[in-house]
Every structure is written in C-alpha cells, then in structure tokens.
Amino acid sequence: PNEPPVVHYWIPFIGSLIELGIHPLEFMRKNREKYGDYYTFLMFGRRMSVCLGVEGNSLVFNAKQSYANAEDAYVHLTKPVFGEGVIYDVPNSILMEQKKMAKSGLSTENLKLYIPIIIDEVNLYLDENWTKDSDVVDIFKAVSEMIIMTASHCLIGPEIRAQLHTGVADLYHTLDASFTPIHFLFEWLPLPSYYSCEAAHKELFKIFSKIIETRKKDVDNKHEDMLDQFINYKFKNGDKLSDQKVANMSIAILMAGQHTSSATSAWTLLNLANNHKLLEETYKDMQDAMGKDLPYPQFDDLKKIPILECLVKETLRLRNPIIQILRKVTQPIAIPGTNYVIQKGSYLLSSPTVTQTDSKYFPDPEKYDPHRWDDFVSVETTNTDNDTPSKDNKASVVDEGDVDYGFGNINSKSAKSPYLPFGAGRHRCIGEQFAFVQIRTILYTMLKRFDFELDPKRGMPQPDYTSMVILPTAPASIKYIRRKN
Ligand code: HEM
C-alpha cells in the first residue's frame, strides 16, 4: 500500500500554503485533475490528505472515530473562542450529548416562536440604520449585525439581547477575530488575538453568569429558548451543566451560526442585486403567496414561498461558507477501491464544494440558478440519527448506517450526496433548520421594504478565501432603494 500522490511544491516547509491560501478551490480542482480524488500536500510540516468526490466526502464525514477525529483537528482553534469543556474540548460521546441538548432548543415549536422575534429585530435594525431613501452599504456587515441580534435574542433570550448595545456585540467580534486559518496553522504561536480573545471570553462569561443566575431563581417563568435547555438539562446521574459550561455552550452555538448564516444571507442578497429579473420574480412570488401588502409570515407561510428556499439552497451550493472539512488521523486508513493508505498523524481534508460545483452533478455549475432546486424544495427530511456513537470494534473505517440515496439525489442527506453544505455523519450541523428559518425571514423582511442593486463602482464581490468561512471580499457594497408603499 502507498501514500496518495504528494503534490509537488517549491518551498520546503511552507509547502503548498501560498497556492492554497490564494485560491483553495482552484488548488484542489487543479490537483484533482492531475492526481485524482486522493492526494497529499504539505503545509507547515503537516501532511494534508485531500479526499474529493462523493466517495472522498463520504470517507471523511463517515470516518470512524477511532481512525480519524474532528476534535484533534479543530480544538486549538475553537477552545480559545468557545471556552473549556465544550464541543471539541471533550470526548466525542460528550459532544454528541451536547449537540442533543442544543437540538432541543431548535424544535419546530421553538422555530415557530422565533419568527416574529427575527422580524422585529430586522425591522429595528433597518429603522435605525437604513434611514435614507437609497444608499450604498456593506451588506455583509449589515446582515452580520442582524444575525447576531436575531440569533442571540431567539436562542439565548431577551436578557442577552438587551445587552448587545452595551458592548456584548464587540466582545463577540473580538472572539470572532481568533477564528482564522492563521490560528489553525500556528497553534504554537502566541498571537495577540489569543489574549484579547481570552479577555473577551472572561468578560462575556461575567455577563452570561448574571443572566443564568437570574433565570435559575425565576423558576415560575419558562423561557422557550436554548439557554433554558442548557440550564435545565439533566445528565443520567442527575448532574446539571455548570454555569461556565452553560455560558460556553451558548457562545459556541452563537459562533457556529454567525459567519455561516451571515455569509449565506449576504451572498443571496448580492446575487439578487446582480440579477434584477430574479429579484422581481422573488418579490412577485412573495406577493402571490402572501398578498400585495406582504403581511409578515408565520412558520407555515414560509413554505408557500419556495423561491426563498431555492435561493438559499443555491447560495449554499455555489458559495458554501465552509469549504474545508478537517479530521486528524489516529490510525492508518486504507482508502476503499485504491491501494492508498493515509498515514497516522495526517489530516484528512474534504471539500463538498468541489462536488457542489462539478458539472457532472450540476450543469453550468458557476451559474447562480435557484431554479435548479425547483423539484427539491420543502422535502421533509429528518436528520439521520448521528447521535449514536459507532461500534468502534468493526474493522471497516467507514461508519455504517447512513443510507445511500444514490449519487443523483442531490437533496439526500446521505454522506454520498454531492450536495453537503451542512456536512454529514456524526458531526453534521444541527443548525440547518434554524438557519433556513432565520435567513428566509430576514430576506422576506428586507425585500418587503427595500429593492437592491449592485454598487456600479464595485460590481459583484469575489469570495475572500483568507478567512475560515468564505465571505464576500470587503466591502461587500450593495445599494438599497426604499420601496414606496
Ligand atoms: C456543524 C455548516 C449554521 C451549529 C456544521 C458542519 C458544517 C456546518 C459543514 C460540519 C463540520 C464538520 O463536519 O467538520 C453550517 C452552515 C450554516 C450553519 C452552512 C448556515 C448556513 C449553524 C447554526 C448553528 C450551527 C445556525 C447553531 C444554531 C453547528 C454545530 C455543529 C455544526 C453545533 C456540530 C459540530 C460537530 O459535531 O463537530 N455546520 N452551519 N450551525 N454546526 Fe453548522
């Protein structure tokens, strides 16, 4: 058995970093043509084993816990931001339990209650900030603020939302600044942002602990949010989460959805501004479903406007915010169907964006066309139950239990679907439904009040690949035009 082919590089040690940093997707595609779906490159002394295509995605997402794991790949990046004892700073079985707790704050009943909160927050933001009849603004910055306000208010509750004006939003931003590839690469480097991050985390904990304390005393009032789920969760032995862990879980959940949902909302609005016919069609579909005056939607109303779902799905296909999924290999992994073996100590790297932009599955893949999803909207999909840790005694390196719906079924949640913006397997996203509800409600509320055009001076921004989450290059200028009705 051999190692997958190693990408040729010019500068030893730095390896393929420069090319990867400039345009990672081009780098991955170009080398895929040369070497096939599996190859290795070196980056600051790390061996990165790239696994592409539906089989490569599946190998990484379904890798058995005892062969390759996410915590060793991500913990040094997430721990300073999320704090101790949560997500990747715990054994996998505890992460599974923590995801279960968080999921119970995202039930359909809760999502229904979140919609009016989202509408109010977006309107408040627009009333306070978009006061002119038309203006050019940075749309990524604007939606990021709306996402922080809506997610904090819905999931963590009105108490934390009330403090967002008093600097909590700045503390979030400081934490955010640590979430960069540079922190992934140089875990040994004492970067200044680590220290500001630590300080911001301590400050946030002080604010959260007061809120948690008040909530614990206020037993008569039930709050329908995630914070209550964390406070009241009881382990099998009767123990509850410490206040520190409640706070850290809350911060982790907010951070997981912050850049991903902001980028998705911003790219969707930019694509609408770039194609006015599509924007008009969307507005008309909203009116056809809801009536000319566009009353605010409730949960079931959103289903009557499938174009909103298609727009978000198409953004997640072409501008998937997370283009690199990582795992660290702890036992040699034989790649099925090849004679390659990936060494212990290497990192697995897959990129669902590569299949999502492959013409084999999506004709004319670079075209932003929400109508390619017309036959796939509102299919009620239930999350495959990934909460059960796998039986690790099996020899196979791939977890079983995920149903293969066939490569052609782009709506499937199997790890073998070419469309996996929310991942698959044990680490699959728990925030998908919330993100869809949040983003569609934000879009509806903004489109009801404003029309959009691209800034003629800047046009359509290119993706910025230097952050962990792929954002539009700043400033993501857009022109808003107030509707007169
Ligand atoms: C995991 C994408 C929004 C919470 C993931 C993963 C992806 C992803 C690709 C898998 C990572 C991996 O396998 O290494 C997205 C996208 C979002 C989004 C594209 C928005 C458009 C959210 C929101 C929340 C959230 C709103 C919380 C409310 C999580 C959590 C995990 C996760 C807790 C699990 C991490 C794990 O098990 O390792 N997400 N996410 N995400 N996401 Fe999301």
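Residues numbered from 1 in each chain as written. Predicted model: local features only at pLDDT ≥ 70, side-chain atom pairs only at ≥ 80, totals over all residues. Heavy atoms only, no water.

Every regular strand shows the same layout, with side chains that alternate between the two sheet faces. Burial of strand β8 (residues 347-350) is two-sided: the residues Tyr347 and Leu349 facing one way and the residues Leu348 and Ser350 facing the other way are all buried. Of the pairings in the sheet, the one linking strand β2 (residues 46-51) to β8 comprises 3 bridges and is parallel in character. When the bridges of β8 are listed, Met48 appears paired with Tyr347. Pairing analysis gives 4 bridges linking strand β5 (residues 325-329) to β8, with the strands arranged antiparallel. The residue bridging Arg327 from the neighbouring strand is Leu348, located in β8. (Buried < 20%, exposed > 50% of the residue type's maximum accessible area, 1.4 Å probe, protein only. Helix = DSSP H or I, 4+ residues; strand = E, 2+ residues; numbered from the N terminus. Pairing = 2+ DSSP bridges.)

Moving on: the coordination of the iron atom of the ligand. You will see that the iron atom of the ligand has only one donor from the protein, Cys429 (SG), lying 2.3 Å away. Structurally, Cys429 can be placed in the loop between α17 (352-356) and α18 (432-449). (Donors = N, O, S within 2.8 Å, 3.2 Å for Na, K, Ca; no water.)

As a further point, take the pattern of salt bridges. Evaluation of the coordinates by the stated rule reveals 23 salt bridges. Between Asp300 and Lys303 there is a salt bridge, and its shortest N-O distance comes to 3.9 Å. Using a relative accessible area of 38% as the deciding quantity, one classes Lys303 as partly exposed. The salt bridge partner of Arg372 is Glu314, with a shortest N-O separation of 3.0 Å. In this pair, Arg372 is assigned in the loop between α17 and α18 and Glu314 in helix α16 (residues 306-318), connecting sequence segments 58 residues apart. With respect to class, Arg372 is no different from Glu314; both count as buried. (Salt bridge = Lys/Arg side-chain N within 4 Å of Asp/Glu carboxyl O.)

So, about the site of the ligand. Around the ligand sit 25 residues, and of these Tyr88, Lys99, Arg327, His427 and Cys429 come closest. The side chain of Tyr88 places a nitrogen or oxygen atom 2.5 Å from an oxygen atom of the ligand. One of the side-chain N or O atoms of Arg327 is found 2.8 Å from an oxygen atom in the ligand. No other element matches the 6 residues that helix α13 (residues 243-274) contributes to the shell around the ligand. Taken together, the residues of the shell around the ligand sort by class into 16 nonpolar, 7 polar and 2 charged. (Near = heavy atom within 4 Å. Polar contact = N/O pair within 3.5 Å; in protein donor to acceptor, adjacent residues only side chain to side chain. Nonpolar A, V, L, I, M, F, W, Y, C, P; charged D, E, K, R; others polar.)

Note on helix geometry: an α-helix contains 3.6 residues per turn, so any two residues three or four positions apart are oriented the same way. Of all the 9 residues making up helix α3 (residues 53-61), 8 are buried; the element is thus mostly covered by neighbouring parts of the structure. Inspection of α3 places Gly53, Val54, Gly56, Asn57, Ser58, Leu59, Val60 and Phe61 among the buried residues, and these make up the whole buried set. Looking at the buried residues of α3, the elements they touch are α2 (24-35), β1 (38-43), β2, β5, β8 and α17. (Contact = heavy atoms within 4.5 Å.)

Let us now look at the side chain of Arg215. Mapped onto the elements, Arg215 comes out in helix α11 (residues 192-217). Non-local contacts of Arg215, meaning those with residues more than four positions away in its chain, are made with Ile156, Gly157, Pro158, Glu159, His223, Asp225, Leu227, Asp228 and Ile231.

To continue, consider the packing of α13 against helix α14 (residues 276-290). Two elements in contact, α13 and α14, have axes whose closest approach is 5 Å; the angle formed by their N-to-C orientations is 110°. One way to sum up the angle between α13 and α14 is to call them roughly perpendicular. Between α13 and α14, the contacting residues are Leu272, Ala273 and Asn274 on the first element and His276, Leu278, Leu279 and Thr282 on the second. (Axes fitted to C-alpha atoms, helices over the stretch in contact; angles between N-to-C directions. Parallel < 35°, antiparallel > 145°, perpendicular 65-115°, else oblique.)

Further remarks concern the confidence of the model for the protein chain. With 87% of its residues at a pLDDT of at least 70, the protein chain reaches an overall mean of 87. Here residues 379-412 is modelled with pLDDT under 50, and outside its nearest four sequence neighbours on either side it reaches 75 contacts, counting other chains as well. (pLDDT = per-residue confidence, 0-100.)

This next bit is on α18. Look at α18: 26 Å from first C-alpha to last across 18 residues, which is about the 26 Å you get at 1.5 Å a residue. The buried fraction of α18 amounts to 17 of the 18 residues, a majority that puts the element mostly inside the structure. (Expected span 1.5 Å × (residues − 1).)

What follows is about the environment of Glu97. In this fold, Glu97 is placed in helix α5 (residues 92-104). On the basis of relative accessible area, Glu97 is assigned to the partly exposed category, the value being 23%. For the pair formed by Glu97 and Phe235, sequence separation is 138 residues and the distance between their alpha carbons is 9.1 Å.

Pro475 follows Ala474 through a cis peptide bond whose omega is -10°. By secondary structure assignment, the location of Pro475 is in the loop between β11 (471-472) and β12 (477-482). In this structure, Leu294 is a non-glycine residue whose phi angle is positive, near 50°. Position of Leu294 relative to the elements: it lies in the loop between α14 and α15 (299-302). The phi angle at Asp364 is positive, at roughly 50°, despite the residue not being glycine.

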